[in-house]
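Tertiary structure, described
This is what each chain is made of:
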Amino acid sequence: MKKTMRQGADALPLNTILDGDCTEVMNGLPEGTVDLIFADPPYNLQLKGDLHRPDNSQVDAVDDHWDQFSSFAAYDQFTRDWLKAARRLLKPDGAIWVIGSYHNIFRVGAALQDAGFWILNDVVWRKSNPMPNFRGKRFTNAHETMIWASKEEGGKYTFNYEALKSLNEGIQMRSDWVLPICTGHERLKDENGDKAHPTQKPESLLHRVLVGSTNPGDVVLDPFFGTGTTGAVAKMLGRDFIGIEREAAYRKVAEKRIADTRKFDREALQVSASKRAEPRVPFGQLVERGMLRPGESLYSMNNRHKAKVRADGTLIGDDVRGSIHQVGAALEGAPSCNGWTYWCFKRDGKTVPIDVLRQQIRSEMQN
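Residues numbered from 1 in each chain as written. Predicted model: local features only at pLDDT ≥ 70, side-chain atom pairs only at ≥ 80, totals over all residues. Heavy atoms only, no water.

In the annotation of an unreviewed UniProt entry, the protein is listed under the name Methyltransferase and assigned to Sedimentitalea xiamensis. Quoted straight from UniProt, the Sequence similarities (unreviewed entry) entry for the protein says "Belongs to the N(4)/N(6)-methyltransferase family." Turning to the protein, the UniProt annotation filed under Catalytic activity (unreviewed entry) states: "a 2'-deoxyadenosine in DNA + S-adenosyl-L-methionine = an N(6)-methyl-2'-deoxyadenosine in DNA + S-adenosyl-L-homocysteine + H(+)". (UniProt positions renumbered as here; feature names shortened; annotations may be inferred.)

So this is what it looks like as structure tokens:
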């Protein structure tokens, strides 16, 4: 796998999978260099004995050694150790996602708060095709819980609200996500044709996480890398990744998977941004550049009011003068007004919103 390094003091082994204990490896990386951590730690399922279906066939459950702890106290210490190392790595505006089941997520949540993280949301991944409950003595486990947290209370973090809204057909994204478990062609197999990993996460889940809480070029670290879902999706979406995985068999599968993954082109990686995230353009810049001339008239979209442009980028109309927002609000008798959507000008007999000129400047700024 191609290994790249960030230049300068904060050199990072980007786009590679590191071998070793996650806590030890994280403690050896430069502090404050990671934008996002996605962690899928052992769930500590506490399975005792085999699980069987009603026909007495055995269920392929998670019974690997890495999911076995001697006690809750041992698991809690393990959790505190890796969370401390993870928090050290995050940038001030970094964030973390941790996924788990009822076996561990409440213990992890408490440890997150004790470590100084600030919980932003808990997100329920509701599985559209969950495994049935074969014993029939409890509800079918049809969901897992993810906790999204910033590095500290009041800390900044990335949240691409408009992009997630676009993913959801223009409706605000909720904290319950209905997505299928990993099956079919996406389920990776080992050389014997068996599951390469018992808890492989679907790419759709990581796609939503990374589109919603990172930007192209961000560094995403996964301390429990497994078969590399985080790395594969990060690569596709133009993010850099660092994976940590101590199991050689998983690393082998992940390396092949990521090598076969193609990055989306630059244009495809762009997502919908909120208006507040777009570059600020003062109205006066339209006047300076001659897009609107001093003395030119602007008209309200409802055609009830008119104002004249002045050389300093303010307006005057009906004995009211001020910014495009102030004059619009005064003329309408309203407490506030978005002047960009209120005013328009006329060209060749056509009415054109002034916001068209602002978007033209923004487009030039982003090229």
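Moving on: the sheet that holds strand E16 (residues 350-353). Across the sheet, which stays open at both edges, the six strands sit in the order E14-E13-E12-E11-E15-E16 with antiparallel pairing between neighbours. Looking at strand neighbours, the two that pair on one side only are strand E14 (320-322) and E16, the edges of this open sheet. Strand-to-strand twist in this sheet, taken as the mean axis angle between neighbours without regard to direction, amounts to 35 degrees. Pairing geometry for strand E12 (residues 306-309) and strand E13 (residues 315-317), over two bridges, is antiparallel. When the sheet's bridge partners are listed, Val 309 is paired in E13 with Leu 315. Strand contacts of helix H10 (residues 324-332): E12, E13, E14 and strand E15 (343-347), with the helix running at about 155 degrees to E14, the strand carrying the most contacts. (Pairing = 2+ DSSP bridges. Helix = DSSP H or I, 4+ residues; strand = E, 2+ residues; numbered from the N terminus. Axes fitted to C-alpha atoms, helices over the stretch in contact; angles between N-to-C directions. Contact = heavy atoms within 4.5 Å.)

Direction vectors running N to C along helix H2 (residues 72-89) and helix H3 (residues 105-114) enclose 45 degrees, while the axes themselves pass 10 Å from each other. Here H2 lies oblique to H3, going by the angle between them. Remark: the crossing between H2 and H3 carries right-handed chirality. Taking contact as the criterion, the partners of Phe 72, Tyr 75, Asp 76, Thr 79, Arg 80 and Leu 83 in H2 are, on H3, Arg 107, Val 108, Ala 111 and Leu 112. For the contact of H2 with H3, a count of residues per class yields six nonpolar, one polar and three charged. (Parallel < 35°, antiparallel > 145°, perpendicular 65-115°, else oblique. Left-handed = near helix turned anticlockwise from the far one by under 90°. Nonpolar A, V, L, I, M, F, W, Y, C, P; charged D, E, K, R; others polar.)

Moving on, we come to the pairing of strand E9 (residues 219-222). The two faces of E9 match: Val 219 and Leu 221 on one face and Val 220 and Asp 222 on the other face are all buried. For the crossover that starts at E9, traverses helix H6 (residues 229-236) and ends in the parallel strand E10 (residues 240-244), the hand is right-handed. (Buried < 20%, exposed > 50% of the residue type's maximum accessible area, 1.4 Å probe, protein only. Right-handed = clockwise from strand over helix to strand, strands pointing away.)

Here the focus is the nonpolar core. Among the nonpolar cores identified, the biggest contains 34 residues, and Trp 97, Met 146, Trp 177, Leu 205, Val 209 and Leu 210 are the most heavily contacted of them. Counting residues per element, this core draws most heavily on helix H5 (residues 203-213), which supplies five residues. With residues near it in sequence (within four places) discarded, Trp 97 still touches Leu 36, Ile 37, Phe 38, Ala 39, Val 123, Met 146, Ile 147, Trp 148, Trp 177, Val 209 and Ser 213. Residues Leu 14, Val 25, Ile 105 and Ala 149 belong to the second largest nonpolar core, which totals 32 residues. (Core = buried A, V, L, I, M, F, W, Y, C linked by side-chain atoms within 4.5 Å.)

What follows is about the packing of aromatic side chains. All told, the structure shown has eleven aromatic pairs when counted by the stated rule. When the ring of Tyr 75 is compared with that of Phe 78, the centres are 6.0 Å apart and the planes differ by 45 degrees; the resulting orientation is tilted. One end of the pair is Tyr 75 and the other is Phe 78, both in helix H2 and three residues apart, which spans about a single turn. Assigned by exposure class, Tyr 75 and Phe 78 land together as buried. For the pair Phe 225 and Phe 241, a centre-to-centre distance of 5.7 Å together with 10 degrees between the ring planes defines the contact as stacked. Of the two residues, Phe 225 is situated in the loop between E9 and H6 and Phe 241 in strand E10; the sequence distance between them amounts to 16 residues. Like Phe 225, the residue Phe 241 is buried in the burial classification. (Phe/Tyr/Trp six-rings, centres within 6.5 Å; stacked < 30°, edge-to-face > 60°.)

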